[in-house]
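# Chains, contacts and geometry: an overview
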There are 2 protein chains.
Amino acid sequence: MTRYQRLATLLAQRIEQGLYQAGERLPSVRSLSAEHGVSISTVQQAYSLLEEKQLIAAQPRSGYFVARQGVTPPLPPITRPVQRPVEITQWDAVMDLLTARLDADVLPLGSGTPNIDASTLKPLWKIIGRLAHQQDPRLLNYDNLYGVPELREQIARLMIDSGCRTTADDIVVTTGCHEALSVSIRATCQPGDIIAVESPAFHGTMQILRGFGIRVIEIPTDPQSGISLEALELAFEQWPIKAVVVVPNCNNPLGFIMPAARKQALLTLAQRFDAAIIEDDVYGELAFDYPRPITIKSLDIDGRVLLCSSFSKTLAPGLRVGWVAPGRYFDRVLHMKYISTGSTATQTQMAVAAFIRQGHYQPHLRRMRHYYQRNLETFTCRVRHHFPCGICVTRPQGGFLIWVELPEPFDAYRLNENLRRSGIQIAVGSLFSAAGKYRNCLRLSYAHAFTDKTERALAILGTALKKAVLSCSSLVERSQHQEREEGRASLKEND
Amino acid sequence: MTRYQRLATLLAQRIEQGLYQAGERLPSVRSLSAEHGVSISTVQQAYSLLEEKQLIAAQPRSGYFVARQGVTPPLPPITRPVQRPVEITQWDAVMDLLTARLDADVLPLGSGTPNIDASTLKPLWKIIGRLAHQQDPRLLNYDNLYGVPELREQIARLMIDSGCRTTADDIVVTTGCHEALSVSIRATCQPGDIIAVESPAFHGTMQILRGFGIRVIEIPTDPQSGISLEALELAFEQWPIKAVVVVPNCNNPLGFIMPAARKQALLTLAQRFDAAIIEDDVYGELAFDYPRPITIKSLDIDGRVLLCSSFSKTLAPGLRVGWVAPGRYFDRVLHMKYISTGSTATQTQMAVAAFIRQGHYQPHLRRMRHYYQRNLETFTCRVRHHFPCGICVTRPQGGFLIWVELPEPFDAYRLNENLRRSGIQIAVGSLFSAAGKYRNCLRLSYAHAFTDKTERALAILGTALKKAVLSCSSLVERSQHQEREEGRASLKEND
């Protein structure tokens, strides 16, 4: 046993014995080094080992904290949405979310914006500069509607990692994944049609469906295995569902990766009922495990899967470079792409293509996967510390989003309004439901560096949640009490 | 009278006397200088004067030619479209047009791509390079859905020139004018609704209307004064028209600028029937006369005009930066923008904003206006030379598109197929009609430098048109002959 392993064992025992309490800050590296007469790097190695074992968690610029092993919040149960087609609203709340993400005074804890500070992204600036210096007139001209060939080739190569045998000719470049989803929905459905979605589901998709006058049926979704195939089958039997929209990899907002067998089963179901599958893979490359999970598209044999993705979460959203591999819907998608934006900005396409070709993309992905995973550890540790018992929290397998569920009468919408006074913004759960369910839930992001500001925000949020949980349980008790009283009263009346 | 004026007068007399025939090449500058014992620059000044007077036209790298004063082709008559709502097709032909514009082997005479070679555009490259060098993280992030504030301010300032008192807050930035049109149509209409358009009308708008399942009623349009208000009024009385889409300034494809009084009358009509006006002003800043013509938007008092435009024709289409000033439809447009692309690419927005702020935009516009006007002169001169009698040609007041009308049985679609073998592509007139009218028409572009290739293309096109006109007139004669014969036969039968 090396020196650092011995130190780690010692510290683990102290944690177990309760010398260092869950959530408590551990001694600084310097003081441990002095205490045990070992080098700084030995202490650091010991702490890294404990971090790997998830006994402790690092919090940048604050030191190490004991993880709350005993009180890992439970996962939320499988969701129970309204199981009939409904119309979508919630636009005001979405607008509110979009506005907050650019407000310097607000900590956008609910935003889906990725981290764009990594040094591995720097070559992109150089490439943009070089392209401008070369003054290639192609950059100022329309692209060919499909997207620039260089980029489509690189995308086809990336898709091999998810199991797809797609060629450049199978891909249409879009203005972000948003346009990919938008054109895919319009290529497969008409206004008045019904689409099935996971519940909860990405609010952007919900707004697109609303905008096109498409009705939505929300399918119960398990926070570990994804959309309920049993419930989906029942829905298929009951309604003329044209397409299913799913985010099977690093789901937004639940964070799960759908097991491969269930992906196949979903595809088989779609084949049986002749429905299209619109697969949003925008977080797929940010799965913590490597190699990345397969897509449903990779299993597709009759072209019914429209794979939508972008570089908005992996590189930068401001580039607005996304794509769709629309299978048998290629021609209709191309037409929809034409009437939506004419073509995609050329220069950013060329820049992204060069970034991948020059070998910068995979190192950047590796770094971001690792970065988000470590952020999640810290975040979860601090959530355990600050948040009350009685809440459920998801365990994301990739991406940078977490979903928190509170007892039923809780109102995340009101919480958000209160938090905004403290400069904190969360994503209210009801954004992710066509019928406005999940008002007791919220989505948080751990995309950004965990700072003192984040710590304070989680503390404020935790206090608010504790109060809410207390008042919820007293509300529940009161309503149970009332029911009992009413029961007695009615018994008396019946006497 | 100065020396160059005397020389110009002499040459004008020779042209008048028929010494130099219409379409004939004039003596070179060098030989005239020797002949008259004057300096090279005197000859050049004399030629410039004659050019201004439209007696001669320059053809780059080929010298000067006598303009065909006597045989200016007549304007096409007011159009006579099918006056009931129809569904749109023609997607294949549009796709064909889009593909050709990037084919290096094809001279895209039919394309709507502007010239992007001007030196006044160079500062844009520098700005893009500088922005990349500064590594401002805002460039990689989502914009705020409305568009970056710097750009919206600059756009609001530009709109003052067209008579609008718009502020930055009234503007939504879009991915090109295409998205502006798309979201405007969707913000004002539902599938199944009826929209009135000029006839002929931009094929992109037609495809958008088709994609949204909107029916189109084509209104007769005069190639000098625009949409027929009388016909539009009749249509309003007969059909529940929700909106009118017009390109009143430097119309695509007819090139007219609608007189201000008619703009006001159109607005009054829209007010009377409570319809929205979607005003496509994408060529408006390329009007040859300065100051530029006003927009209908500038007359709008109750917010019913949605002004759509972009920098695609004035700067470069590959930037994909456009905008819409949607008046009272602001909130709906914003929602449609969100569901269409989420947001617009940030970096190109910042680059265009800097280009305008630094004072590069107006000099570039001046140069392009002048450039296109001179190109039109040369183009018209060569068209007069090569094209047969019996055709009608528009006289654009701005932009870079010209519309040619041939006798009725002529088939521009077949002509296009034949021309493609010679590496030439035109825009077939039927693209510009919902009902597939104008198969006897074609749109040509004079956006690009007039080269030997253009000259050869116009010669080939002219030969084809001559043949077509001949066969058309013989067809017409034959059919008239046949009618007469049939008339006689029926008379005999009746005997």
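Residues numbered from 1 in each chain as written. Chains lettered and ligands numbered in written order. Predicted model: local features only at pLDDT ≥ 70, side-chain atom pairs only at ≥ 80, totals over all residues. Heavy atoms only, no water.

Labelled according to an unreviewed UniProt entry, chain A appears under the name GntR-family transcriptional regulator, originating from Erwinia tasmaniensis. The UniProt entry for chain A carries the following comment under Sequence similarities (unreviewed entry): "In the C-terminal section; belongs to the class-I pyridoxal-phosphate-dependent aminotransferase family." (UniProt positions renumbered as here; feature names shortened; annotations may be inferred.)

### Regarding the overall build of chain A
When helices and strands are tallied, chain A shows 15 helices and 16 strands. Overall, chain A is about 80 × 65 × 45 Å in size when its C-alpha atoms are taken along their principal axes. Burial analysis of chain A (495 residues in total) assigns 62% to the buried set. Considering only contacts within chain A whose residues lie at least 6 apart along the sequence, 77% involve residues at least 24 apart. Within chain A, one finds 55 positive and 48 negative side-chain charges whose respective centroids are separated by 6 Å. (Helix = DSSP H or I, 4+ residues; strand = E, 2+ residues; numbered from the N terminus. Buried < 20%, exposed > 50% of the residue type's maximum accessible area, 1.4 Å probe, protein only. Contact = heavy atoms within 4.5 Å. Lys, Arg positive; Asp, Glu negative; His and termini not counted. Charge placed at Lys NZ, Arg CZ, Asp CG, Glu CD.)

### What to know about the pattern of salt bridges
Residue and element names in this part refer to chain B. Inspection of every chain in the model, using the stated rule, returns 32 salt bridges over all chains. With a closest N to O distance of 3.0 Å, Arg138 and Glu150 form a salt bridge. Of this pair, Arg138 sits in the loop between helix 5 (122–134) and helix 6 (149–160) while Glu150 sits in helix 6; the two residues are twelve residues apart in sequence, bridging distant segments of the chain. Assessed through its relative accessible area of 43%, Arg138 is described here as partly exposed. (Salt bridge = Lys/Arg side-chain N within 4 Å of Asp/Glu carboxyl O.)

### Quick look at the side chain of Asn249 of chain B
Mapped onto the fold, Asn249 of chain B is located in the loop between strand 8 (241–246) and helix 10 (260–272). Accessibility expressed as a relative area gives 0% for Asn249 of chain B, which makes it buried.

### Let's talk about the domain arrangement of chain A
Considered domain by domain, chain A is made up of domain 1 (3–66) and domain 2 (117–360). The centre of domain 1 of chain A, based on its C-alpha atoms, is set 43 Å off from the matching centre of domain 2 of chain A. (Domains from an automatic or database assignment.)

### So, the interface of chain A and chain B
In this assembly, 63 residues from chain A lie in contact with 63 residues from chain B. For the chain A and chain B pair, buried surface summed over both sides reaches about 5,300 Å², with 66% attributable to carbon and sulfur atoms. In terms of surface lost to chain B, no three residues of chain A exceed Trp125, Leu140 and Tyr142 of chain A, which account for 18% of the buried area on that side. Remark: the boundary between chain A and chain B carries zero salt bridges. Where chain A meets chain B, there are 20 residue pairs in polar contact (both at pLDDT 80 or more). No other element matches helix 11 (residues 330–341) of chain A, which puts eight residues into the side of chain A that touches chain B. (Buried area = accessible area lost by both parts, 1.4 Å probe. Polar contact = N/O pair within 3.5 Å; in protein donor to acceptor, adjacent residues only side chain to side chain.)

### Quick word on unusual backbone geometry
Residue and element names in this part refer to chain B. Looking along the chain, the bond that leaves Ser199 and enters Pro200 is cis, with omega of 0°. Mapped onto the fold, Pro200 is located in the loop between strand 5 (194–199) and helix 8 (203–211). In this structure, the amide linkage connecting Asn252 to the following residue, Pro253, adopts the cis form with an omega of 10°. Considering the arrangement of structural elements, one finds Pro253 in the loop between strand 8 and helix 10. Located in the positive-phi region is Leu145, a residue other than glycine, with phi close to 80°. Following the sequence through the fold, Leu145 ends up in the loop between helix 5 and helix 6. By relative accessible area, which is 0% here, Leu145 ends up buried. Positive phi, close to 50°, is recorded for Asp274, a residue that is not glycine. Secondary-structure assignment places Asp274 in the loop between helix 10 and strand 9 (276–280).

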